[in-house]
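# Coordinates in review
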Amino acid sequence: MLVIPMNKTSTRRRSDAQGAALFIALALLSMFSLLGATYVRYMSIELDINARHLHGVRARQYAMAGIQSTMGYIYAGASQGRMPEPTATFSYGVYGQFPGAGDLRPVLMDAYSAEAQVTILPLNAALWKERFSSGPPWPGEGRAFHVVSKGEVYRADSGRMRLVGKHAVESVLVLRS
């Protein structure tokens, strides 16, 4: 009988090569898993930033709507010969679109509400001159108002309304005859 000795080094090399390939495959899988998890986290942060920006834009628009509503409020009071109250609150429905909706028309979003809290300060001649030193002439008593509107957007969250965006604007409103 003829015995041929096996070459132990070739078996060891093949086993070492398979172990190295397994290690490289596991390292690549780990790296791609880490990259995927990082990408998902990054996109989550981006979505949060975009949502905050959207709520801020909405709050600014509702603050501007408060100025517009105040114009009507002051004009209606002036046409009846009465001065406006120093504060007013206007409530609004929040409209938006749902992601992936084929219809692009705005939809009332039930989970959201908005309001503009408005402060109305009648301006007298001294305040007018202080504010507009080289500006338009004084319009007369009871005809100019400094208005500050604070728009706030709320979202229903776990049974309570949570503030998600706020913005304030100010304006000087003048009644023309």
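Residues numbered from 1 in each chain as written. Predicted model: local features only at pLDDT ≥ 70, side-chain atom pairs only at ≥ 80, totals over all residues. Heavy atoms only, no water.

Turning our eyes to something else, we now look at the pattern of salt bridges. Side chains that differ in sign of charge can pair as their charged atoms come close. Using the criterion set out here, one finds 2 salt bridges in the structure. Its salt-bridge partner being Arg 131, residue Glu 170 comes within 3.3 Å of it at the nearest N-O pair. Within this pair, whereas Glu 170 is found in strand E4 (residues 160-174), its partner Arg 131 is found in helix H2 (residues 125-131), the two being separated by 39 residues in sequence. On the basis of relative accessible area, Arg 131 is assigned to the partly exposed category, the value being 42%. Arg 162 is the salt-bridge partner of Asp 157, the closest N and O atoms lying 3.2 Å from each other. (Salt bridge = Lys/Arg side-chain N within 4 Å of Asp/Glu carboxyl O. Helix = DSSP H or I, 4+ residues; strand = E, 2+ residues; numbered from the N terminus. Buried < 20%, exposed > 50% of the residue type's maximum accessible area, 1.4 Å probe, protein only.)

Within the secondary structure, Ser 149 sits in strand E3 (residues 144-157). A polar atom in the side chain of Ser 149 sits 2.8 Å from the backbone oxygen of Ala 63. When near neighbours in sequence (up to four residues on either side) are disregarded, Ser 149 contacts Tyr 62, Ala 63, Gly 66, Ile 67, Ala 116, Gln 117, Val 118, His 167, Ala 168 and Val 169. (Polar contact = N/O pair within 3.5 Å; in protein donor to acceptor, adjacent residues only side chain to side chain. Contact = heavy atoms within 4.5 Å.)

Right, let's talk about the packing of aromatic side chains for a bit. Counted according to the given criterion, the structure contains 4 aromatic pairs. With a centroid separation of 4.6 Å and an interplanar angle of 50 degrees, the aromatic rings of Trp 128 and Phe 132 are classed as tilted. Put simply, the rings of Trp 128, Phe 132 and Trp 138 pair up and form one aromatic cluster. Between Arg 58 and the ring centre of Tyr 112, over which it is positioned, the NZ or CZ distance is 5.9 Å. (Phe/Tyr/Trp six-rings, centres within 6.5 Å; stacked < 30°, edge-to-face > 60°. Lys NZ or Arg CZ within 6 Å of the ring centre and 35° of its normal.)

Moving on, we come to the confidence of the model for the protein chain. Reading fine detail from the predicted coordinates is not recommended where pLDDT is low. Within the protein chain, residue pLDDT values average 87, and 89% of them lie at 70 or more. H2 is the least confidently modelled element of the protein chain, averaging 86 in pLDDT, while E3 averages 94, the highest of any element. (pLDDT = per-residue confidence, 0-100.)

Right, let's talk about the pairing of E3 for a bit. As paired strands, strand E2 (residues 107-122) and E3 are joined by 11 bridges and run antiparallel to one another. Residue pairing for E3: Tyr 112 is matched across the bridge by Arg 155. Two elements, E3 and E4, share 14 bridges in a ladder whose sense is antiparallel. For His 146, the partnering residue across the bridge sits in E4 and is Val 172. Where E3 hands over to E4, the hairpin turn is made up of 2 residues, of which Ser 158 adopts a positive phi near 55 degrees. (Pairing = 2+ DSSP bridges.)

It is worth spelling out the side chain of His 146 at this point. Along the chain, His 146 turns up in strand E3. Given a relative accessible area of 15%, His 146 falls into the buried group. Polar contacts involving the side chain of His 146 include one to the side chain of Glu 170, which spans 2.5 Å. Residues within four places of His 146 in sequence aside, it is in contact with Thr 119, Ile 120, Leu 121, Leu 123, Arg 131, Glu 170, Ser 171 and Val 172.

A few words now on the nonpolar core. Within the largest apolar cluster, 22 residues are counted, with the highest numbers of intra-cluster contacts made by Ile 74, Val 147 and Val 153. Those elements giving two or more residues to this core turn out to be helix H1 (8-79), strand E1 (87-96), E2, E3 and E4. Counting residues per element, this core draws most heavily on E2, which supplies 6 residues. In contact with Val 147, not counting residues within four places along its chain, are Ile 67, Thr 70, Ile 74, Val 118, Thr 119, Val 169, Glu 170, Ser 171 and Leu 173. (Core = buried A, V, L, I, M, F, W, Y, C linked by side-chain atoms within 4.5 Å.)

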